[in-house]
Amino acid sequence: MAASPQSALTPLKGQCSLGSGGALERESRGPFKPRLPARAQRTAMLRSRWLLSGASLALGAGLGAALTARRRPQGDGAEGLLARLPVVPTVAAAAAVGPPALPGSSELTKYGLPGLAQLRSRESYVLCYDPRSRSALWVIEQLNRETLSGTSDRAACDFQEDDTVHEYHRATNADYRGSGFDRGHLAAAANHKWSQKAMRDTFYLSNVAPQVPHLNQNAWNNLEKYSRSLARNNKNVYVCTGPLYLPRMEADGKMYVKYQVIGKNNVAVPTHFFKVLILEKESGEIELRSYVMPNSPVDEKIPLERFLVPIESIERASGLLFVPNILKRTSNLKAITAGSKR
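Below or above, wherever it landed, is the structure these notes cover. (Residues numbered from 1 in each chain as written. Predicted model: local features only at pLDDT ≥ 70, side-chain atom pairs only at ≥ 80, totals over all residues. Heavy atoms only, no water.)

Quick notes on the overall build of the chain
Piece 1. When helices and strands are tallied, the chain shows nine helices and 14 strands.
Piece 2. Per-residue burial over the chain gives 49% buried out of 342 residues.
Piece 3. Residue pairs at least 24 apart in sequence account for 74% of intrachain contacts in the chain once pairs closer than 6 positions are excluded.
Piece 4. For the chain, the computed accessible surface area is about 16500 Å², with 51% contributed by carbon and sulfur atoms. (Helix = DSSP H or I, 4+ residues; strand = E, 2+ residues; numbered from the N terminus. Buried < 20%, exposed > 50% of the residue type's maximum accessible area, 1.4 Å probe, protein only. Contact = heavy atoms within 4.5 Å. Areas by Shrake-Rupley, 256 points an atom, 1.4 Å probe, with all protein chains shown as cover.)

Given below as structure tokens:
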């Protein structure tokens, strides 16, 4: 579908509102009670097979600690990267002990649940996959001096289907062929020179979204380079990237969410992209920078500062939460917005 003429977002002003989105709610749970009757134990086991395969964002379910076992160039404690995800509104990602207690769930889930949040933990990133758009809701990665150093060769990597995604819901290279869009990385390949496998993992199409070539090769590429420069001068930089589908006003004065799809699998073309940078400074201070760019040609000479937006705008538009989870770990948080003194 063609984009409508007037966008609800004016990123060049730097302080735009991205529209409203459903914020995810926290929900805390206790562990299952022991010594259940045999039948109840079988029911609980069956339910856990369905519910522990992923975390439902809508229900605020915790992430399984088993997913934290991934190779890291620099460790930061037993919890691992997943436990520190700033986008998942749970009390503690690594402390999840089981599925949420659903009233009457033993009967309601008799034939399973039709869908849960689809998490993928790979060498270089963690993502939450959106089967409707055929891309990720968000991808998070950790950058530091170690991840940016190495001899990994991009030429040895090829874009490939993610065979962990059901064939009904996955993008293919054929979807992009002749579409006029680049296969735009969410977690950038150049961020992970420390391991050939880590770089290769960024070429799964689940880590890709249709991106206007001029944006991908210029302004967005500049933002990725800037993220890497920050990682060289800070202890760690956590980068969360994802697509946005924002409303636009049409000639009738009403707001609509419209976006193009490509290929036989109807891969959704985002209207915008966001990138949230969480900087861990050597001093212990946490700095937050959040950017939005339209999925259209952007003059690469425009300063990146012009694309800074309030983090609340991204939280509202995406349905994700960043700040509440960061504040669980520190009160020393500084948000950088357009015009802020560095």
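Examining the packing of aromatic side chains
Aromatic ring pairs are reported here in terms of the distance separating the ring centres and the angle at which the planes meet.
Piece 1. Evaluation of the coordinates by the stated rule reveals four aromatic pairs.
Piece 2. Relative to Phe-322, the ring of Phe-274 lies with its centre 6.4 Å away and its plane at 80 degrees, an arrangement referred to as edge-to-face. Of the two residues, Phe-274 is situated in strand β12 (residues 272–280) and Phe-322 in the loop between α8 (311–318) and α9 (323–327); the sequence distance between them amounts to 48 residues. You'll find Phe-274 and Phe-322 in the same group, each marked buried.
Piece 3. Geometry around Tyr-256 places Lys-258 over its ring, the cationic atom sitting 5.4 Å from the centre. (Phe/Tyr/Trp six-rings, centres within 6.5 Å; stacked < 30°, edge-to-face > 60°. Lys NZ or Arg CZ within 6 Å of the ring centre and 35° of its normal.)

Description of the pattern of salt bridges
Piece 1. Evaluation of the coordinates by the stated rule reveals nine salt bridges.
Piece 2. Where Lys-197 meets Glu-123, a salt bridge forms, and the shortest distance between an N and an O atom there is 4.0 Å. Of this pair, Lys-197 sits in helix α5 (residues 196–201) while Glu-123 sits in the loop between β2 (118–121) and β3 (126–130); the two residues are 74 residues apart in sequence, bridging distant segments of the chain.
Piece 3. Using a relative accessible area of 43% as the deciding quantity, one classes Lys-197 as partly exposed.
Piece 4. Taking the relative accessible area as the measure of exposure, Glu-123 reaches 11% and is therefore buried.
Piece 5. Via salt bridges that share partners, Glu-123, Lys-197 and Asp-201 belong to a single interconnected network. (Salt bridge = Lys/Arg side-chain N within 4 Å of Asp/Glu carboxyl O.)

Here's the deal with the side chain of Ser-124
Piece 1. Its location among the elements puts Ser-124 in the loop between β2 and β3.
Piece 2. We classify Ser-124 as buried; its relative accessible area is 2%.
Piece 3. Polar contacts involving the side chain of Ser-124 include one to the main-chain carbonyl oxygen of Ala-198, which spans 2.8 Å. (Polar contact = N/O pair within 3.5 Å; in protein donor to acceptor, adjacent residues only side chain to side chain.)

Things to note about helix α7 (residues 219–232)
What sets the pattern is the α-helix's 3.6 residues per turn: residues three or four places apart point alike.
Piece 1. Along its 14 residues, α7 runs 20 Å from first to last C-alpha, staying within 8% of the 20 Å computed at 1.5 Å per residue.
Piece 2. Along α7, the residues classified as buried are Ala-219, Trp-220, Leu-223, Glu-224, Ser-227, Arg-228, Leu-230 and Ala-231. (Expected span 1.5 Å × (residues − 1).)

Thoughts on the environment of Ala-156
Piece 1. With respect to the secondary-structure elements, Ala-156 resides in the loop between β4 (135–143) and α4 (173–176).
Piece 2. Residue classification places Ala-156 among the partly exposed positions, given a relative accessible area of 43%.
Piece 3. Put simply, Ala-156 and Arg-200 are 44 residues apart on the chain and 8.0 Å apart in space, counted from C-alpha to C-alpha.
Piece 4. Setting aside chain neighbours within four positions, we find Ala-156 in contact with Gln-196 and Arg-200.

Quick look at the sheet that holds β3
Backbone hydrogen bonds are what pair the strands of a sheet, in a parallel or an antiparallel way.
Piece 1. A sheet is described by the order of its strands in space; here seven strands give the open sequence β2-β3-β4-β7-β12-β13-β14, paired in mixed fashion. The open sheet has two edge strands with one neighbour each: β2 and β14 (333–336). In this sheet, adjacent strand axes meet at a mean angle of 15 degrees when their direction is disregarded.
Piece 2. Both β4 and strand β7 (residues 236–244) contribute to a ladder of five bridges, which runs antiparallel. Counterpart to Glu-141 in the pairing with β7 is Val-239.
Piece 3. Across the sheet, α7 lies against β4, β7, β12 and β13 (286–294), angled at about 10 degrees from β12, the strand it touches most.
Piece 4. Packed on one face of the sheet, α8 meets β7, β12 and β13 and runs near 60 degrees to β13. (Pairing = 2+ DSSP bridges. Axes fitted to C-alpha atoms, helices over the stretch in contact; angles between N-to-C directions.)

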